[in-house]
Every structure is written in C-alpha cells, then in structure tokens.
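# Per-entry structural report
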Amino acid sequence: DFKISANIVSLSKFASSFPGESALPPNLLLPTNLVDPARLRRPPPPADCSLPLLRKCDAVVPAHLSPVQTWVETLARLDGEPLGLAQLHPDVFAVHPRLDILHEVETWQRNYKRISHASTKIRSEVRGGGRKPWKQKGSGRARHGSIRSPLWKGGGVANGPRGPTSYFYMLPMKVRVQGLKVALSSKMAQQYLHIVDSLNIPSPDPQYLLDLIRHKHWGESLLIVDVGEEFPENILQATASLKTVNIIPAIGLNVHSMLKHEAVVLTLETIKFLEDKLLWHDQRYTPLYPFKLPYSDFP
Amino acid sequence: MAVLGGLLKAGASFCQSAATLLHTARTISTGTCCQIRMHAIPQLKKVDRWTEKRSMYGVYDNIGILGDFKAHPKDLIVAPCWLKAFKGNELQRLIRKKKMVGDRMMTLDKHNLEKRIRFLYRRFNRTGKHR
C-alpha cells in the first residue's frame, strides 16, 4: 500500500529524534485490504445532469428493472472531469451479489488446469529388492522379503502420490456466465468499475498512467479491457513495464483477474460486446449438440 | 518423571496442605534431542504477488463463452496428452496412458505400467467391499 507506507515513512522521519509514543514500530504488519480513505466517493449521476447520454442499452431492459447509470471518463486528460453518462443493462451489471457462485468459479479456474506431477515409486518399481535378504528363520532378525519394502530405508512408498494427476472438471456454462455477471455487478456496486470512451493516451510513459490512477484514486491495481485485437501503441508500451496495471482483450475477461485487480476499466465497445455475449445465455435453448458445431441461427 | 508427578498429584488430593506445595503442571516436553534449533524467529519469505504469471493467471478461461465457442478452455490445459481434459482414479489414468502412449513407452516403464494395472484391477474388483 504505497499511500499507507508513505505515512509510515513520514512519521518515522519525524519521530526519529523524539522517542515518543507516536513512533510506529518497524515490524508493523497492516492488513492488506484497507481501503484508501481519500478515495473520492463520486455519487452516481443525478437524473437532471447536463452531460450527454453517450450510450443506451441495446438489449431490451425488463420493465421492472431500470438501467444502471454511470459516468464515462477519459484517459487523455489528467483532470477528473467525466465526458458523459452511460446506461448499462441491469441483468449484467446489477445482479444479486452471489458470493457462492464467485467462489465456485474462482476454485474452478484454479483447479481445472491443475496437473500435479507428484509421483513416488512403489516397492516393485524401486531398483533392486527381488531377493529375500536373509532366511526366514534362524538369523534372529525380523523376517523380510525384500530390501525395498516400505518398511525399509530406501524402499518404495506404500500409498504415495502416483504419477501425474489431473483435477479437471467443468462447471455448467450458465454458472460460469453468472459468475462473470456477479463479478461485474460487484465491481460496479463497490465503485471499482470505470468506463472510458477509448484508450488513447497522450504519451507512452508509464508514469502518466500511475499519476492518472493516483489522481483519480482508482486503487492500487488496474485491469484494462478492450474489444479487438489491436490496441493503441501508447497504452501497450505504458502497461508493458508496469506490474499492477494490465491490459487484456475482452475475450480474456475472467473472474480471477477481476478479483485480483482492484479497479477495472472497460470501454464502451467492450460493454456492448459483454452485454451481447452474456445476455444471450438467459434466453437460449439447451444445446442439442456442442455450440462449436454450426447452428442455423447462431453465428 | 510424569508418572511420579501423577502419583504425587493423586497423593495430594488426600492431604490438602500438600496441594499448595506441589506445582506439577509441565507445559514443555522433556524429550532429549530437539532436532530443530533456531537462534531467531525466521523471516517471512518474500513473495512477489505481481509477477507476469500471477497477474495474467486465468486469462482466456472464458474463451468459449466470450469467443463464439470456437475454442474450449480445455484446449488451454498444459498436460501430458493422456491427461488433457480427463479426470480419473489411478487405474483409469493408467489404462488411458497405455491406450494412448503405450506403444511408444520404454520397455521397463511399460512393464511397470502393466504390472500396476494388473495389481489395481485385482485390488479394486476382487478385494474389499466394492466389487
């Protein structure tokens, strides 16, 4: 936490000559989920706002729900004035915060790719150990059949991990889709989701992005999502050297990355793409054959 | 020594005056050799939470849902070919390995694999409650 550590440094510089009670101990461990109190709580846009409405919902909004309204900002200028408003579909950005679905999707993401290569040899695979070491009776020692039994030093392992194991499983498609919707809604509700008109930056300097984030109090880590295979060169160069600011295409959006990065930035085209993809699952027929095979009405 | 302490405790319950003299609460072990010896509290290992692998973990996991179903997340798994998008117990994994890779395995490994399959088949299907 760079803000909290700045306070510690300033306090320790002040208190070095005065061993008083205000000196912070050097081995102080603060919890990592402290929210920056200086984070501006910009209220959601009021109904009578003078800024233009830049985007309306394409899909049909149910009658009992109203679209979510948010500010649309810009990355080109350092000052924090929004450009306009945008309306987001409530079935994607205002679903109930289902933490159990988030947990399920997160554990699925961690485990379905997991291959454990832990492997041990059993007594028949360890080199040697075919001969009986001494005769059964008469030698006074305990009876043994081979020198590689699990009782012996250097012998095989009886019930150890066996070979590469996989932990693959798939969650139902609708659960994964709902996980994405819940993650987006949670980020929106906690005001960590920001909408931007485009990703054009004046300079490829990574310091510009850091100053922008610090000025707008967006958080420590930022995830930038954009549709399309090509990004502006400036932002690619700026994020290439930064660790906590990452840019991904919209196809790569997932719950783990959204939870790992504190703030998420979406462009207007990304929102259209996400709404289109995520809302289709609410009203689709169950597949008779996998979706990757051609359907007549689905591209 | 612990037995003696127990006897003394039992004896003290009869005479209450002796109970105050005996403080037989031992909270440490009196084993002879302590294998782990430390001169100081060890420092926490420093883990960088923002390496390339950690910050990009999980990207493209929803490539099916968000990418028109042209690819499946099971295509992303880095694994031996007999374990890609497959989960099973040891016998099932070994049978699949023999089916897919068996003809290009080394002779010793193939022999061990066959022995293990034979053992596990007999173990699962002929012994125990579930057969």
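Everything below is about the structure printed above this text.
All of the points below concern the structure found in this document. This is a predicted model, so every value here is computed, not measured.

### Overview of the pairing of strand β9 (residues 263-267) of chain A
Residue and element names in this part refer to chain A. Most of β9 sits inside the fold, with five of its five residues counted as buried. On β9, burial covers both faces: Ala263, Val265 and Thr267 on one face and Val264 and Leu266 on the other are all buried. With four bridges connecting them, strand β6 (residues 193-196) and β9 associate as parallel partners. Residue histidine 194 lies in a different strand from β9, and its bridge partner there is valine 265.

### Section: the packing of aromatic side chains
One pass over the full model with this rule turns up ten aromatic pairs over all chains. An angle of 35° between the planes, with centres 5.8 Å apart, marks the rings of A:Trp134 and A:Trp152 as tilted. Of the two residues, A:Trp134 is situated in the loop between β4 (115-116) and β5 (165-166) and A:Trp152 in the loop between β4 and β5; the sequence distance between them amounts to 18 residues. Grouping aromatic residues by their ring pairs yields a cluster made of A:Trp280, A:Tyr289, A:Phe291, A:Tyr295, A:Phe298 and B:Phe69. A cation sits over an aromatic face here: A:Lys113 above B:Tyr57, 4.6 Å from the ring centre. The ring of A:Tyr167 carries A:Arg114 above its face, with NZ or CZ at 4.1 Å from the centroid.

### Examining the nonpolar core
Inside soluble globular proteins, nonpolar side chains tend to come together where they are buried. Residues and elements named next belong to chain A. If you look at the biggest cluster of nonpolar residues, it comprises 57 residues, and the most contacted ones within it are Phe93, Leu184, Val225, Leu253, Met258 and Leu266. Residues contacting leucine 184, with those up to four places away along its chain left out, are Val92, Phe93, Leu193, Met258, Leu266, Leu274 and Leu278. By size, the runner-up hydrophobic cluster in this structure holds 19 residues, among which are Leu212, Ile213, Trp218 and Ile235.

### Some details on the side chain of A:His194
Topologically, A:His194 is positioned in strand β6. Non-local contacts of A:His194, meaning those with residues more than four positions away in its chain, are made with A:Glu73, A:Trp218, A:Ala263, A:Val264, A:Val265 and A:Leu266.

### Observations concerning the pattern of salt bridges
Applying the stated rule across the entire model yields twelve salt bridges over all chains. In this structure, the salt-bridge partner of A:Arg55 is A:Glu275, at a minimum N-O distance of 2.9 Å. Of the two residues, A:Arg55 sits in strand β1 (residues 53-55) while A:Glu275 sits in helix α8 (residues 268-280), which places them 220 residues apart along the sequence. Take A:Arg55 and A:Glu275: they sit in the same class, and that class is buried. Taking the shortest distance from any N to any O, the salt bridge between A:Lys243 and B:Asp48 comes out at 2.7 Å.

### Some words on the sheet that holds strand β7 (residues 222-226) of chain A
Residues and elements named next belong to chain A. Strand order in the open sheet formed by seven strands is β1-β3-β2-β6-β9-β7-β8, and the pairing between neighbours is mixed. Strand pairing shows two members of the sheet lacking a second neighbour, β1 and β8 (245-249), which therefore form its edges. Adjacent strand axes in the sheet meet at a mean angle of 35°, parallel and antiparallel pairs treated alike. With two bridges joining them, strand β2 (residues 68-73) and β6 adopt parallel strand pairing. Bridge pairing links valine 72 to isoleucine 195 in β6. The sheet contacts of α8 involve β1, β2, β3 (84-88), β6, β7 and β9, and relative to β9 the element is tilted by about 90°.

### Re the interface of chain A and chain B
Contacts between the two partners involve 48 residues from chain A, matched on the other side by 36 residues from chain B. Summed over both sides, the interface of chain A with chain B buries roughly 3700 Å², with 61% coming from carbon and sulfur. Where chain A meets chain B, there are 14 residue pairs in polar contact (both at pLDDT 80 or more). The leading source of residues in the side of chain A that touches chain B is α8(A), at five residues. Of the residues belonging to the side of chain A that touches chain B, the class tally is 24 nonpolar, 15 polar and nine charged.

### Overview of unusual backbone geometry
The backbone of A:Gln191 sits at a positive phi, close to 60°, despite the residue not being glycine. A:Gln191 gets classed as partly exposed once you look at its relative accessible area, which sits at 34%. With phi around 70°, B:Tyr60 is a residue other than glycine that occupies positive phi space. Within the element layout of this structure, B:Tyr60 appears in the loop between α3 (52-55) and α4 (63-66).

Calculation criteria
Residues numbered from 1 in each chain as written. Chains lettered and ligands numbered in written order. Predicted model: local features only at pLDDT ≥ 70, side-chain atom pairs only at ≥ 80, totals over all residues. Heavy atoms only, no water. Buried < 20%, exposed > 50% of the residue type's maximum accessible area, 1.4 Å probe, protein only. Helix = DSSP H or I, 4+ residues; strand = E, 2+ residues; numbered from the N terminus. Pairing = 2+ DSSP bridges. Phe/Tyr/Trp six-rings, centres within 6.5 Å; stacked < 30°, edge-to-face > 60°. Lys NZ or Arg CZ within 6 Å of the ring centre and 35° of its normal. Core = buried A, V, L, I, M, F, W, Y, C linked by side-chain atoms within 4.5 Å. Contact = heavy atoms within 4.5 Å. Salt bridge = Lys/Arg side-chain N within 4 Å of Asp/Glu carboxyl O. Axes fitted to C-alpha atoms, helices over the stretch in contact; angles between N-to-C directions. Buried area = accessible area lost by both parts, 1.4 Å probe. Polar contact = N/O pair within 3.5 Å; in protein donor to acceptor, adjacent residues only side chain to side chain. Nonpolar A, V, L, I, M, F, W, Y, C, P; charged D, E, K, R; others polar.

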